[in-house]
Amino acid sequence: MQIIENEKQYDVVIVGSGAGGGMATKILADAGLKVAVVEAGPFFDPANPDQQTQLKWPYESPRRGAGTTRAFGEFDMAYGGWEIDGEPYNQIGESKFDWFRSRMLGGRTNHWGRISLRFGPRDFKGKDRDGLGDNWPIGYEDIKPYYDKVDKLIGVFGSKENMYNEPDGYFLPAPKPRLHELYYKKGAEKSGVTVIPSRLSILTKRINNERGICFYCRQCSRSCSVYGDFSAGSCLIFPAQKSGGQVDLYVNSMVREVEVNEEGKAKGVLYINKEDRKEYRIRGKVIVLAASACSTARILLNSKSAQHPNGLGNSSDLVGKYLHDSTGTDRMAFVPELMNRKRYNEDGVGGMHLYSPWWLDNKKLDFPRGYHIEVWGGLGMPSYGTGFNPNDLNKYLGLKVGGYGNQLREDVKKFYGSVMGMSGRGESIARKENYCEIDPTTVDEFGIPVLRFNYKWSDYERKQARHMHNTFEEIIENMGGIVLGEKPGANRDYGLLNPGRIIHEVGTTRMGSDPKKSVVNEFEQLHDADNVFIVDAGPFVSQADKNPTWTILALSWRTSEFIIQELKKQNI
Amino acid sequence: MNRRDSIRSLFLGSMAGGLALEGCVTEPKAAVEQKIWEYQYGRTPEEQAYDEKLLNEQFFDNSELETIKRLANLILPPNEEGTVEDAKVPEFIEFMAKDFPSIQTKMRGGLMWLNNHTHKTFSKDFINCSEEEQHQVLDQIAYPDPNSAEQKQEVQFFSLLRNLVMTGYFTSEAGIKELGYVGNQPNVWDGVPEEVLKDHGLSYDESWMPKFVDQSKRNDLAQWDEKGNLIS
């Protein structure tokens with residue numbers, strides 16, 4: 001196939017427009033560099049009325065919000081999901097890794113939970129604590145200045161708590177908890193479980209004159225039309241363009257590989273334009289990969305050349321290895337005291353108003369590493385599923401289940417807002433045996449070889465999940481609730497969700513100072529090609545019991561500053 | 001090129017200059033498209049085409065739809081709060097049968113079973129039975145056995161139908177109003193109302209109060225001291 005050349009020569013070509021790519025775009029364009037952003041999905045702006053789902057009612061859709069076309073319900077703002085037509089992936093043996101992809105400008109930042117936690121000092125040095133996995137080559141003090149800058153640029157609400165491993169930042173004020181959250185607080189504190197206000201990147205106060213302030217519709221998962229929450233498009237890429245940055249967006253452009261010159265340095269990327277299905281080349285002095293941990297690994301492994309016969313950056317044979325996601329399991333509770341609730345607008349922000357950071361010492365436990373607890377429930381907007389099994393909870397009240405007639409209306413109203421849930425999200429151990437690799441038997445619809453996964457949980461994660469359920473049950477009992485559902489046993493891995501389900505997959509191009517044991521250095525620069533950088537979650541040595549986004553952003557900022565310096569010094 | 005196509009080509013083209021699109025996409029929604037599209041809720045072009053395809057297909061025949069309508073009215077009889085017709089429950093069920101093909105056989109088979117049953121018992125279709133006869137039938141299928149892991153086909157059918165009717169109603173304008181959901185609009189959250197807290201014997205910790213938003217200052221630009229304390 002003939003390759004269509006782009007005449008422009010860019011300083012930097014960025015692949016992917018989510019948290020990492022968005023931040024790199026902002027910092028590099030603000031520094032005056034000429035930047036191309038190559039995104040596999042369409043252009044997206046949450047303020048565009050044709051794309052907006054925020055403030056829509058369920059009856060504006062013929063399927064009332066059901067998740068047929070979008071995994072988290074059709075108002076959720078992720079174009080893509082666990083399965084995408086024409087873009088398959090495979091498993092090795094019994095492996096069950098679920099790979100979530102969002103194909104759009106801004107990527108998964110358009111729908112994510114906005115939980116914006118800093119990794120703490122201990123999170124960078126896991127091996128020092130329990131001998132498992134590896135330490136990061138950097139520590140909290142290296143990244144702290146960037147967390148500070150991210151807080152101020154993007155905005156995150158929270159509260160100063162002076163907890164060693166939950167570092168405070170530059171917080172906007174927190175919203176008051178909802179009613180079911182106060183029940184949770186009461187129950188959790190009785191069990192000695194710490195409860196603090198959430199830390200979410202949602203603007204409870206004005207942070208600049210370009211972005212609006214949260215108006216409390218609880219719909220951050222739909223991406224905010226006034227830019228009151230953090231999404232990479234609305235908060236990083238558009239501002240970079242508005243302030244005069246030289247940013248060209250190439251959308252619906254699926255990158256296949258990074259091309260290298262005779263010295264093995266990158267010279268550009270090849271991509272397929274999904275519209276005309278033709279192949280294009282863009283040249284850049286520096287290539288920044290931010291396609292997501294697994295997509296970036298795929299691009300590198302598909303970038304084979306005489307100079308890099310094992311794939312670009314893969315002399316260590318570690319690209320794709322050490323893949324790990326957060327652990328996760330959930331439980332629901334029925335709280336009889338929350339029946340027949342008084343009605344008021346309880347939407348609040350898009351997510352919980354309080355949560356529990358990890359509160360225990362693993363020395364006294366039978367598993368390593370911690371988890372945090374998220375809380376959900378309340379008087380939420382009805383959607384597909386509201387009214388299902390309208391009076392199943394009657395069995396806890398000694399009343400009849402089932403039936404027909406207007407009693408059902410009363411049942412639904414009686415139970416509305418009386419069910420809540422908890423989700424444990426924890427740290428798994430990164431292991432070389434969990435990986436993704438190119439599957440030579442399969443290509444996607446663009447002719448690009450796809451990934452296959454090999455991922456198994458170990459007893460470390462299973463025991464952690466068991467502990468989560470024990471904790472949930474104790475808290476539910478303390479708050480006067482009734483635990484719903486059976487406690488998952490060993491036969492169900494104690495309810496541990498499939499790897500990939502928490503959508504915190506990291507580690508596929510991990511950082512380190514030894515090129516034999518890592519893919520990038522502490523500045524996320526490939527050991528094997530010094531003008532290629534990775535700013536998604538691939539370079540994470542270990543996931544903490546935190547959500548990865550704030551760390552992706554801070555590291556991407558740090559790496560972008562390094563790129564600017566190195567270009568100035570003409571080192572790359 | 002109609003409006004949707006022009007947007008599509010811009011979005012799908014090899015290069016979109018981000019902000020330059022604004023002028024194009026905020027054009028008034030004039031009658032550029034021939035077909036007036038009832039559902040405008042942020043679909044991608046592919047999703048919109050899929051919805052249109054389903055909306056132009058028919059799964060249930062008229063007599064099946066009549067029976068569904070009758071059943072829906074037995075499950076939720078009309079009252080002053082709202083009716084299943086106003087909530088467009090039959091249309092919703094027709095759509096879901098196409099959207100979730102896995103329920104098609106259960107639904108169609110369940111409706112057939114219903115008529116077979118009433119023919120045996122009352123020598124007529126369900127729809128032609130008296131209200132009392134219809135109640136007699138439902139009394140046999142509307143109560144799942146709480147002690148059994150396995151429910152009979154007709155009980156499963158009725159549970160599925162009841163779920164669709166209930167969710168169809170409570171996601172409608174009337175149903176949402178009846179439920180008492182009052183959100184999905186811009187507002188300022190300042191905590192659980194005092195009388196509700198009192199009813200539940202709860203309160204906000206004094207020590208937590210300084211952490212919360214002072215909503216009178218939400219418009220003031222955030223500023224911090226060097227220790228990260230908010231000072232505005």
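Note that this is a predicted model, so its numbers are computed, not measured. (Residues numbered from 1 in each chain as written. Chains lettered and ligands numbered in written order. Predicted model: local features only at pLDDT ≥ 70, side-chain atom pairs only at ≥ 80, totals over all residues. Heavy atoms only, no water.)

1. A look at the overall build of chain B
Along chain B, the regular secondary structure elements total 10 helices and 0 strands. Along chain B, helices and strands appear, N-terminal first, in the series α-α-α-α-α-α-α-α-α-α. Residues counted as buried form 48% of the 232 residues belonging to chain B. Surface exposure of chain B reaches about 12300 Å², of which carbon and sulfur atoms provide 49%. (Helix = DSSP H or I, 4+ residues; strand = E, 2+ residues; numbered from the N terminus. Buried < 20%, exposed > 50% of the residue type's maximum accessible area, 1.4 Å probe, protein only. Areas by Shrake-Rupley, 256 points an atom, 1.4 Å probe, with all protein chains shown as cover.)

2. Comments concerning the sheet that holds strand S17 (residues 482–484) of chain A
Residues and elements named next belong to chain A. Across the sheet, which stays open at both edges, the 4 strands sit in the order S13-S14-S11-S17 with antiparallel pairing between neighbours. The open sheet has two edge strands with one neighbour each: strand S13 (371–377) and S17. Taken pair by pair, the neighbouring strands of this sheet meet at an average axis angle of 30°, ignoring direction. Along the sheet face, helix H4 (residues 179–190) touches S13 and strand S14 (419–426) and points at about 140° away from the line of S13. Together, strand S11 (327–334), S13, S14 and S17 form the strand contacts of helix H8 (residues 459–478), whose direction differs from that of S11 by roughly 20°. (Pairing = 2+ DSSP bridges. Axes fitted to C-alpha atoms, helices over the stretch in contact; angles between N-to-C directions. Contact = heavy atoms within 4.5 Å.)

3. Thoughts on the pairing of strand S8 (residues 253–260) of chain A
Residues and elements named next belong to chain A. Among the 8 residues that make up S8, 7 are buried, leaving the element largely enclosed by the rest of the structure. In this sheet, strand S9 (residues 266–273) lies alongside S8 in antiparallel orientation, the contact comprising 7 bridges. Among the inter-strand pairings, valine 255 is bridged to a residue of S9, identified as tyrosine 271. Counting the residues in the hairpin turn of S8 and S9 gives 5 residues, including glycine 264, whose phi is positive at 85°.

4. Section: the sheet that holds strand S16 (residues 449–454) of chain A
Residues and elements named next belong to chain A. Here we have 3 strands laid out as an open sheet, ordered S4-S16-S15, and mixed in their pairing. Because the sheet does not close on itself, it has two edges, and the strands there are strand S4 (90–91) and strand S15 (435–443). When S4 meets S16, the two strands line up parallel, connected through 2 bridges. Note on S16: the bridge partner recorded for asparagine 90 is arginine 452.

5. Some details on the environment of A:Lys125
Residues and elements named next belong to chain A. Note on placement: lysine 125 falls in the loop between strand S5 (101–102) and helix H2 (126–130). Along the sequence, lysine 125 and isoleucine 4 sit 121 residues apart, while their C-alpha atoms lie 47 Å from each other. Non-local contacts of lysine 125, meaning those with residues more than four positions away in its chain, are made with Asn135, Trp136, Pro137, Ile138 and Gly139.

6. Some points on the packing of helix H1 (residues 19–30) of chain A against helix H5 (residues 232–242) of chain A
Pairs of packed helices are described in terms of their axes, by the angle between the two and the distance that separates them. Residues and elements named next belong to chain A. Direction vectors running N to C along H1 and H5 enclose 20°, while the axes themselves pass 8 Å from each other. Accordingly, the angle class assigned to the pair H1 and H5 is roughly parallel. When you trace H1 past H5, the crossing you get is left-handed. Together, Ala19, Gly22, Met23, Thr25, Lys26, Ala29 and Asp30 of H1 and Ala232, Leu236, Ile237 and Ala240 of H5 make up the contact between the two elements. (Parallel < 35°, antiparallel > 145°, perpendicular 65-115°, else oblique. Left-handed = near helix turned anticlockwise from the far one by under 90°.)

7. Let's talk about a nonpolar patch on the surface
On the surface, a cluster of nonpolar side chains totalling about 240 Å² of accessible area is made up of A:Tyr396, A:Leu397 and A:Leu399. Mapped onto the elements, A:Leu399 comes out in the loop between S13 and helix H7 (407–415). (Patch = residues over 30% accessible without salt bridge, like charges linked within 9 Å, V, L, I, M, F, W, Y side chains within 5 Å. Salt bridge = Lys/Arg side-chain N within 4 Å of Asp/Glu carboxyl O.)

8. Some thoughts on the interface of chain A and chain B
Each partner contributes residues to the interface: chain A has 107 residues there, and chain B has 105 residues. When chain A packs against chain B, the two sides together hide about 9100 Å² of surface, and 59% of this comes from carbon and sulfur. On the chain A side of the interface with chain B, the three residues burying the most area are A:Lys176, A:Tyr404 and A:Arg409, jointly 10% of the side's total. Where chain A meets chain B, there are 10 salt bridges. (Buried area = accessible area lost by both parts, 1.4 Å probe.)

9. Points about the nonpolar core
With 107 residues, the main nonpolar core has A:Leu28 and A:Val288 as its most contacted residues. Tallying contributions element by element places helix H9 (residues 549–568) of chain A first for this core, with 10 residues. Excluding residues within four positions of it along the chain, A:Val288 makes contact with A:Val12, A:Val13, A:Ile14, A:Val15, A:Ala24, A:Leu28, A:Phe533, A:Val535 and A:Ile563. A:Val349, B:Leu161, B:Met166 and B:Tyr181 belong to the second-largest nonpolar core, a separate cluster that totals 101 residues. (Core = buried A, V, L, I, M, F, W, Y, C linked by side-chain atoms within 4.5 Å.)

10. Looking at the packing of aromatic side chains
A full pass over the atoms with the stated rule returns 41 aromatic pairs over all chains. When the centroid spacing of 6.2 Å and the interplanar angle of 85° are considered together, the rings of A:Phe119 and A:Trp136 count as edge-to-face. Residue A:Phe119 is located in the loop between S5 and H2, and its partner A:Trp136 is located in the loop between H2 and helix H3 (140–154); the two are separated by 17 residues in the primary sequence. When sorted by exposure, A:Phe119 lands in the same class as A:Trp136, which is buried. An angle of 55° between the planes, with centres 6.2 Å apart, marks the rings of B:Trp208 and B:Phe212 as tilted. The same class applies to B:Trp208 as to B:Phe212, namely buried. (Phe/Tyr/Trp six-rings, centres within 6.5 Å; stacked < 30°, edge-to-face > 60°.)

11. Let's talk about the pattern of salt bridges
Counted by the stated rule, this structure contains 60 salt bridges over all chains. The shortest N-O distance in the salt bridge between A:Arg281 and A:Glu5 comes to 2.3 Å. Of the two residues, A:Arg281 is situated in strand S10 (residues 279–289) and A:Glu5 in strand S1 (residues 3–15); the sequence distance between them amounts to 276 residues. Through salt bridges with shared partners, a single ionic network connects A:Arg63, A:Arg70, A:Glu74, B:Arg43, B:Glu47, B:Asp51 and B:Asp99.

12. Some points on the side chain of A:Thr296
Residue and element names in this part refer to chain A. Note that threonine 296 resides in helix H6 (residues 293–302). Residue threonine 296 is classed as buried on the basis of its relative accessible area, which comes to 0%. A distance of 2.5 Å separates the side chain of threonine 296 from the side chain of aspartate 536, its partner in a polar contact. Each residue touching threonine 296, except ones within four places of it in the same chain, is listed here: Leu289, Ala290, Ala291, Ile534 and Asp536. (Polar contact = N/O pair within 3.5 Å; in protein donor to acceptor, adjacent residues only side chain to side chain.)

None of the figures reported here should be taken as evidence of function without further support.
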